Amino acid sequence: MSERITVDLGERSYDILVGAGLAVQAGKWLAPLARGPLPVVTDANVARLHLAALLDALKQAGIDARPIVMEPGEATKSFRGLEKLCTELLATGVDRGGLIVAFGGGVIGDLAGFAAGVLKRGIDFAQIPTTLLAQVDSSVGGKTGINTVEGKNLVGVFHQPRIVLADTGVLSTLPRRQLLAGYAEVVKYGALGDAAFFEWLEANGSNALAGDAAAIVYAVAHSCRMKAGVVARDEREAGVRALLNLGHTFGHALEAATGYSDRLLHGEGVALGTALAFRLSAKLGLCSGQDAERLIRHLKAVGLPTEIADFPGVRPSADVLLEHMAHDKKVKDGKPTFVLVRGIGQAFVTSDVPIKAVREVLAG
Ligand SMILES: NC(=O)c1ccc[n+]([C@@H]2O[C@H](COP(=O)([O-])OP(=O)(O)OC[C@H]3O[C@@H](n4cnc5c(N)ncnc54)[C@H](O)[C@@H]3O)[C@@H](O)[C@H]2O)c1
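Here the structure is a predicted model, which is why all the values come from computation and not from measurement.

(A) Geometry of the site of the ligand. In the neighbourhood of the ligand, 26 residues make up the surrounding shell, with Asp43, Gly106, Thr130, Thr131 and Thr173 lying closest. Note that an oxygen atom of the ligand is positioned 2.9 Å from one of the side-chain N or O atoms of asparagine 45. In this structure, an oxygen atom belonging to the ligand sits 3.3 Å away from a side-chain N or O atom of lysine 152. For the ligand, the accessible surface in isolation is 870 Å², of which the surrounding protein chains cover 88%. With four residues, helix α2 (residues 44-60) is the single largest residue contributor to the shell around the ligand.

In structure tokens, the structure reads:
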């Protein structure tokens, strides 16, 4: 039971395969792409749980895999992490005709993808995402990069992978909180552009999260299908790709206000941000209160935060959050850009939002 989605980008097109057990079949998919040594970049958590099985599979396919194990956590996505990784990649002898594998969550995918994009002026890479967030979002679409002291993801390149192998089986070892954070991005796809998918999630989302194999494959594959469709139309975010930022203007402000700490994971910020975007849309008369309620009810039902008061510690004030929004990298002409909705599945982008209404939603 696996699904295949093509990201249609002309000569840079690639397939995303979604299914249980894909990591141990990776040799079959990577052998045609790999020449010479094959660096496999991962983090220590994923290495402990899943690396031996992947290396075995690659060995059986006759591939000379060279594991590189990084520290887990966001701090690895940095100039220091990049330097260390580039040194280790160069030591493997991988050259421009070779392939680099990113085997991990969004941190490893973004870092290894960026290293692949700049090392020797560009080496192909493959994604084997191991978190739900990475499977439905960060491994697809070619955004790669690192964080700096000035902010997140400010240094990076667009570098599309040659293939994405989303093995839903490896999600069984993911901590529940991380699984839920990834699920926020799944809900986001329904909320921004597919009311029927949102309805499916209302009925089946809890089963998918509880490990129902068919349900999780469908949820991941459908999310990838939606992202692939958007990326094919707007690879570099000149237009429609911005819709994927539903919940992110609020979410990024909340993440910044909580110091990108464990208090609020990125996906939790997206859940809360999506709830706030729906509340703001209802307040402005753009969408019905019932649609906002329905969105919030589903996020709550699975255990995601929907109120600023839902996460621990001192609550950031509306002023602090507005200040962070003013510094968001997506600010245009001094005005933050919002993705708002006319209903479930009907998102649009606007910078024309009265700050008074935003403040009221943040203080509410
Ligand atoms: N490039 C993009 O388009 C894009 C989109 C969204 C997010 N991101 C980036 O993604 C990053 C967040 O990604 P993430 O949420 O995957 O975080 P992550 O990579 O830090 O993974 C979360 C945690 O789960 C562990 N883990 C990974 N797979 C596991 C498994 N199968 N079993 C047990 N533990 C496992 C990791 O070691 C880590 O501790 C952020 O840096 C964010 O900026 C990028």
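(B) Up close: the sheet that holds strand β5 (residues 99-104). On the basis of which strands lie adjacent, the open sheet formed by seven strands has the order β1-β2-β9-β6-β5-β3-β4 and mixed pairing. If you trace the sheet from one side to the other, it starts and ends with β1 (2-7) and β4 (65-70), each paired once. For this sheet, the mean angle separating the axes of adjacent strands, direction not counted, is 20°. In this sheet, strand β2 (residues 14-19) lies alongside β1 in antiparallel orientation, the contact comprising six bridges. Looking across to β2, one finds that isoleucine 5 is bridged to isoleucine 16.

(C) Geometry of the packing of aromatic side chains. One pass over the full model with this rule turns up four aromatic pairs. Between phenylalanine 197 and tryptophan 200 the ring centres are 6.1 Å apart and the planes differ by 15°, which places this aromatic pair in the stacked class. With phenylalanine 197 and tryptophan 200 both in helix α7 (residues 195-209) and three residues apart, this pair spans about one turn of that helix. Judged by its relative accessible area of 2%, phenylalanine 197 falls in the buried class.

(D) The arrangement of the nonpolar core in detail. Judged by nonpolar contacts, the single largest core of 77 residues is most densely connected at Ile16, Tyr183, Phe250, Phe278, Leu280, Val358 and Leu362. It is helix α8 (residues 213-233) that contributes the most residues to this core, 11 residues altogether. Phenylalanine 250 has contacts with Gly273, Leu276, Ala277, Leu280, Met325, Phe338, Val358 and Leu362, leaving out every residue within four places of it along the chain. Of all hydrophobic cores here, the second largest spans 21 residues; its members include Ala34, Val40, Leu58 and Val101.

(E) Broad picture of the packing of helix α9 (residues 248-257) against helix α12 (residues 318-326). In contact at an axis separation of 8 Å, α9 and α12 are set at 110° when each is read in the N-to-C sense. Judged by the angle between their axes, α9 and α12 are roughly perpendicular. In this structure, the crossing between α9 and α12 has a hand that is right-handed. Across the interface between the two elements, Thr249, Phe250, Ala253, Leu254, Ala256 and Ala257 of α9 pack against Val320, Leu321, His324 and Met325 of α12. Grouping the constituent residues of the contact of α9 with α12 by class yields eight nonpolar, two polar and no charged.

Conventions and cut-offs
Residues numbered from 1 in each chain as written. Predicted model: local features only at pLDDT ≥ 70, side-chain atom pairs only at ≥ 80, totals over all residues. Heavy atoms only, no water. Near = heavy atom within 4 Å. Polar contact = N/O pair within 3.5 Å; in protein donor to acceptor, adjacent residues only side chain to side chain. Areas by Shrake-Rupley, 256 points an atom, 1.4 Å probe, with all protein chains shown as cover. Helix = DSSP H or I, 4+ residues; strand = E, 2+ residues; numbered from the N terminus. Pairing = 2+ DSSP bridges. Axes fitted to C-alpha atoms, helices over the stretch in contact; angles between N-to-C directions. Phe/Tyr/Trp six-rings, centres within 6.5 Å; stacked < 30°, edge-to-face > 60°. Buried < 20%, exposed > 50% of the residue type's maximum accessible area, 1.4 Å probe, protein only. Core = buried A, V, L, I, M, F, W, Y, C linked by side-chain atoms within 4.5 Å. Contact = heavy atoms within 4.5 Å. Parallel < 35°, antiparallel > 145°, perpendicular 65-115°, else oblique. Left-handed = near helix turned anticlockwise from the far one by under 90°. Nonpolar A, V, L, I, M, F, W, Y, C, P; charged D, E, K, R; others polar.

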